[in-house]
Structure formats: structure tokens, C-alpha cells
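# Commentary on secondary and tertiary structure
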Amino acid sequence: SDYIQPAALPALVEVLVDWMEAYRDFGNDAVQRAAPELPTQAEIVRFLSALADGCLTSLLRLEGDLLERVAEVLMTADQDRRSQETLYSTMFGLAKTREVLADIKLPQQVPAVEVKLVDF
């Protein structure tokens, strides 16, 4: 059979949530070093999305606590992704600014300015 048995769905979702929580708690590098065979966060999210597309009715029958955990790990993953994108764009902007500033030709010597103090 090429489909997931409804009875196996809670255990499968539980494992996927546990993996997502491991990524959240320990970070990508640590998880991949400890368990290189584990799918990436992006692969887990894509699988959960496909699971929702194909098994939505069965998923809605899962316990409320498990569904809350799924929602929580997906929201956390989305927030982390957004933070990384913001950081990347900020760093890219700073790097570009630095390049532009490096191209500006400043005079080697600042011209002297004469200042006179005038009494009123």
C-alpha cells in the first residue's frame, strides 16, 4: 500500500514534531552533526505540507495537544526563517555600503581652514 494508515498518523506526526523541536533547541549544525541522516528542517516542513494536503481530514482528528505542538514548531520555524532573512539582508546591505565607501576617493590631505575669532 502506498498510503499512510490513519492509525500510524499520530506517531508519525509526533516524530516529525520531535525532530523540529530538536532543530529549534540545538540548532541546525548540532543536529546534523549528531544525526546526519535526519531530514533538514525544510524537508520536514515540506513533508508536513504534503501530509496536510493528502491527509487533512485525518490530521484534524489528532489530539489537540499534538496539533498545538505542530502549530508551535511551524510558527517558530517561520519566525527563525524570517529573522535569518532579515539578518542576511542587513549584512548584505552593510557589505554593499562598505564597497561603495571604499570606492569613494577621499583627499589624502584635508585642506587647512583658517579661523578668526572676532569680538563683538
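Residues numbered from 1 in each chain as written. Predicted model: local features only at pLDDT ≥ 70, side-chain atom pairs only at ≥ 80, totals over all residues. Heavy atoms only, no water.

Across all of its chains, the model carries eight salt bridges by this definition. Among the salt bridges present, the one from Arg-69 reaches Asp-18, with a minimum N-O distance of 2.9 Å. Remark: Asp-18 occurs in helix H1 (residues 9-26) and Arg-69 occurs in helix H4 (residues 64-103); sequence separation between them is 51 residues. According to the relative accessible area criterion, Asp-18 is partly exposed, its value standing at 35%. Put simply, Asp-25 and Arg-24 hold a salt bridge, and the shortest N to O gap is 3.2 Å. Several salt bridges share partner residues, and in doing so they unite Glu-14, Asp-18, Glu-21 and Arg-69 into one network. (Salt bridge = Lys/Arg side-chain N within 4 Å of Asp/Glu carboxyl O. Helix = DSSP H or I, 4+ residues; strand = E, 2+ residues; numbered from the N terminus. Buried < 20%, exposed > 50% of the residue type's maximum accessible area, 1.4 Å probe, protein only.)

So, on to a nonpolar patch on the surface. Together, Leu-87, Met-91 and Leu-94 give the surface a local cluster of nonpolar side chains, amounting to about 320 Å² of exposed area. Relative to the helices and strands, Leu-87 is located in helix H4. (Patch = residues over 30% accessible without salt bridge, like charges linked within 9 Å, V, L, I, M, F, W, Y side chains within 5 Å. Areas by Shrake-Rupley, 256 points an atom, 1.4 Å probe, with all protein chains shown as cover.)

Further remarks concern the nonpolar core. Of all hydrophobic cores here, the largest spans 18 residues; its most connected members are Val-13, Val-17, Ile-44, Leu-51 and Leu-59. Among the secondary structure elements, those contributing two or more residues to this core are H1, helix H3 (41-60) and H4. If you tally residues by element for this core, the top one is H1, at six residues. With residues up to four places along the chain from it excluded, the contact list for Leu-59 reads Leu-9, Val-13, Leu-51, Ala-52 and Leu-67. (Core = buried A, V, L, I, M, F, W, Y, C linked by side-chain atoms within 4.5 Å. Contact = heavy atoms within 4.5 Å.)

Taking 1.5 Å of rise per residue, 20 residues should cover 28 Å, yet H3 covers just 23 Å from first to last C-alpha, more than 12% shy of that figure. Taking the largest bend as the criterion, H3 deviates by roughly 85 degrees, centred on Gly-54. Within H3, burial applies to Ile-44, Leu-48, Leu-51 and Leu-59. (Expected span 1.5 Å × (residues − 1). Bend = angle between axes of the 7 residues up to and from the residue.)

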